[in-house]
Amino acid sequence: MAQTRPRLSTVVTYLEMTAPPVNPTLPRPALPIALLRTPNIPVSFYRYLYETVGEAWLWCERRRINDKTLCTMIHDEAVEIFVLYVNGAPGGYGELKQNSGGEVDLAYFGLLPEFVGRGLGKFFLRWMIDQTWRSEPTRVTVNTCDLDHPRALKAYQSIGFVPYRRETQEFDDPRTDGMFAGWQDCRPV
């Protein structure tokens, strides 16, 4: 008899922004930071960021693809990756993808666990959105789910994103295939 893998269910919220934020830009954090665009990011560094930022939130899609496919995806001309450095160390990253019709998707965004709760997330998110609007897109999109950071949805809405669709998705629990060995130890409570 075939064993079935445990399944997870999550509510995904799709958000959009059709005009630049009207609220003022946030003050720069007191910590020494640098924000750098990283063209042709090495796949190994990208995997480090993706896996470290996403571990607590069960980001698994890009863990499952090989390096050649991932390289093609992240080096696409329509993709821009920005890295937040704190005291010279990587603190988080954001990935923008230019889509057809002048739309830009904030495909990935987050902080390494050590930097969550230190006032960096809101500043970095707003900085990313400001970068996006410099290219005058028709719309900026992002999605989040109830497995992401508990304040993610509120943070997106606080800078001007508006939900336009919600759906429930089910998927195999990635923790059952060894992909997240230390998951219970790292997920914030």
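Residues numbered from 1 in each chain as written. Predicted model: local features only at pLDDT ≥ 70, side-chain atom pairs only at ≥ 80, totals over all residues. Heavy atoms only, no water.

**Describing the overall build of the chain**
Short version of the rule: In DSSP terms, a helix is any run of H or I states spanning at least four residues, a strand is any run of E spanning at least two, and both are numbered starting from the N terminus. Our radius of gyration looks at C-alpha atoms and nothing else; its globule reference is 2.2 Å times the residue count to the power 0.38. Only protein chains enter the area calculation, which uses a 1.4 Å probe; residues under 20% of their type maximum are buried, those over 50% are exposed, and those in between are partly exposed. In this description, contact between two residues means that some pair of their heavy atoms is separated by no more than 4.5 Å.
When helices and strands are tallied, the chain shows five helices and seven strands. Helices and strands appear in the chain in the N-to-C order β-β-α-α-β-β-β-α-β-α-β-α. Over its C-alpha trace the chain gives a radius of gyration of 17 Å, about what one expects of a compact globule, namely 16 Å for 189 residues. Each principal axis of the C-alpha atoms in the chain carries an extent, and together these give about 60 × 40 × 35 Å. Out of the 189 residues in the chain, the part that is buried amounts to 45%. The long-range share in the chain, meaning contacts at least 24 apart out of those at least 6 apart in sequence, stands at 72%.

**Here's the deal with the sheet that holds strand 6 (residues 139-145)**
Put simply, the test is: Paired strands, in this sense, are two strands between which DSSP finds at least two bridges. Orientation is described by lines fitted to C-alpha atoms, with helices fitted over the stretch in contact, and by angles between N-to-C directions that extend from 0 to 180 degrees.
Ordered in space as 2-3-4-5-6-1-7, the seven strands form an open sheet in which the pairing is mixed. A strand with exactly one partner marks an edge of an open sheet, and here the two such strands are strand 2 (33-37) and strand 7 (162-172). The mean inter-strand angle of the sheet, taken between neighbouring strand axes irrespective of direction, is 20°.

**Observations concerning the nonpolar core**
The criterion, for reference: Only buried residues count toward a nonpolar core. Its members are Ala, Val, Leu, Ile, Met, Phe, Trp, Tyr and Cys residues joined through side-chain atoms within 4.5 Å.
Core analysis: the biggest nonpolar cluster contains 46 residues, and Tyr46, Tyr93, Leu106, Ile129, Tyr156 and Phe161 have the highest contact counts within it. When near neighbours in sequence (up to four residues on either side) are disregarded, Tyr156 contacts Leu15, Leu106, Phe109, Leu125, Val142, Thr144 and Phe161. Residues Val12, Leu58, Cys145 and Phe171 belong to the second largest nonpolar core, which totals seven residues.

**Points about the pairing of strand 6**
Counting buried residues in strand 6 gives six out of seven residues, a clear majority hidden from the surface. As judged from the six bridges shared by strand 1 (residues 7-17) and strand 6, these two strands associate in the antiparallel manner. Residue pairing for strand 6: Leu15 is matched across the bridge by Val142. Where strand 5 (residues 103-111) lies against strand 6, three bridges are found, and the strand directions are parallel.

**Some details on the pattern of salt bridges**
Let me state the cut-off plainly: For this analysis, a salt bridge means a side-chain nitrogen from Lys or Arg found within 4 Å of a carboxyl oxygen belonging to Asp or Glu.
Taken as a whole, this structure holds nine salt bridges when the rule is applied. Between Arg7 and Glu170 there is a salt bridge whose closest N-O contact spans 4.0 Å. Here Arg7 is found in strand 1, whereas its partner Glu170 is found in strand 7, with 163 residues between them in sequence. Residue Arg7 is classed as partly exposed on the basis of its relative accessible area, which comes to 47%. A residue is classified by how much of its surface remains accessible, and Glu170, at 54% relative accessible area, is exposed.

**Topic: unusual backbone geometry**
Backbone phi values are negative for most residues with the exception of glycine, while trans is the configuration of most peptide bonds. Not every positive phi belongs to a glycine, and Asn87 is a case in point at roughly 55°. Even without being a glycine, Glu136 presents a positive backbone phi close to 55°. Mapped onto the fold, Glu136 is located in the loop between helix 3 (121-133) and strand 6. Taking the relative accessible area as the measure of exposure, Glu136 reaches 68% and is therefore exposed.

**A closer look at the state of the cysteines**
Where we set the bar: Defined by distance alone, a disulfide is two cysteine sulfur atoms within 2.5 Å.
If you walk through the whole model with that rule in mind, you get zero disulfides. Unpaired in terms of disulfides, Cys145 finds its nearest cysteine sulfur in Cys60, a separation of 9.9 Å.

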